[in-house]
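The primary structure of each chain is shown beneath.
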Amino acid sequence: MILPIVQHPHPTLRKLCQPVLDVTSLGSLIPDMFETMYAATGRGLAAPQVDRPIRVFVMDCTWKEGERTPVVMINPEILSKSPELQHNDEGCLSIEDHPVRVARPSRVEVMWADEAGMQQRGAFEGFAAACVQHEIDHLDGVLIVDYEDKE
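Keep in mind that this is a model prediction, so the values were computed, not measured.

Chemist: Tell me about the overall build of the protein, and please be specific about residues and values.
Modeler: Each helix and strand counted, the protein has two helices and seven strands in total. Walking the protein from its N terminus toward its C terminus, one meets helices and strands in the order α-β-β-β-β-β-β-β-α. At 14 Å, the protein has a C-alpha radius of gyration in line with the 15 Å of a compact globule built from 151 residues. Taken across its 151 residues, the protein has 46% of its residues classed as buried. In the protein, the proportion of contacts linking residues at least 24 apart, taken out of those at least 6 apart, comes to 64%. Surface summary for the protein: the accessible area is close to 7700 Å², and the carbon and sulfur share equals 53%. When the 13 basic and 24 acidic side-chain charges of the protein are each reduced to a single mean position, those positions are 3 Å apart.

Encoded structure:
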């Protein structure tokens, strides 16, 4: 089911999201978030963007160029960041038509739980690293507009 995407300045977008204690409590949220993200032609979607203030996001950084590579992150935590920065013009499904140039570490190592509740750990580089950081920002109530004029 396609979910409504809340728009800035909706208050849920500014909340510090709560951890998911039981992945079985998510029901159809994750497949619904993927369906919503693909329908909106996004590459990532965080739960607060669909008015659920919990620490969950979905992303698929490659689907526009080829095969789908969907990733679900529940309770993600960045373990390390590279000192090297990348600068990207980032868009957001909750702030339409307002890209912002954002400087972020070009590589991050992340720990998270998957849909089955299994702990995962992985490194992300380039665009995927920016996407992970953008979505984790959403879980912390941070939006791309908070980076304006910081470049």
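The structure having been displayed, the exposition proceeds.
Chemist: Requested: an account of unusual backbone geometry, with residues and values cited.
Modeler: Of the consecutive residues His8 and Pro9, the connecting peptide bond is found in the cis state with omega at 15°. You can see Pro9 is positioned in the segment before helix H1 (29–39). A positive phi is found at Thr41, a non-glycine position, where the angle reads about 55°. Considering the arrangement of structural elements, one finds Thr41 in the loop between H1 and strand S1 (44–46). Of the residues examined, Thr41 reaches a relative accessible area of 45% and is grouped as partly exposed. You will see that Asp97, though not glycine, has its phi angle at about 55°, which is positive.

Rules of the game
- Residues numbered from 1 in each chain as written.
- Predicted model: local features only at pLDDT ≥ 70, side-chain atom pairs only at ≥ 80, totals over all residues.
- Heavy atoms only, no water.
- Helix = DSSP H or I, 4+ residues; strand = E, 2+ residues; numbered from the N terminus.
- Rg over C-alpha atoms; globule rule 2.2 N^0.38 Å.
- Buried < 20%, exposed > 50% of the residue type's maximum accessible area, 1.4 Å probe, protein only.
- Contact = heavy atoms within 4.5 Å.
- Areas by Shrake-Rupley, 256 points an atom, 1.4 Å probe, with all protein chains shown as cover.
- Lys, Arg positive; Asp, Glu negative; His and termini not counted.
- Charge placed at Lys NZ, Arg CZ, Asp CG, Glu CD.

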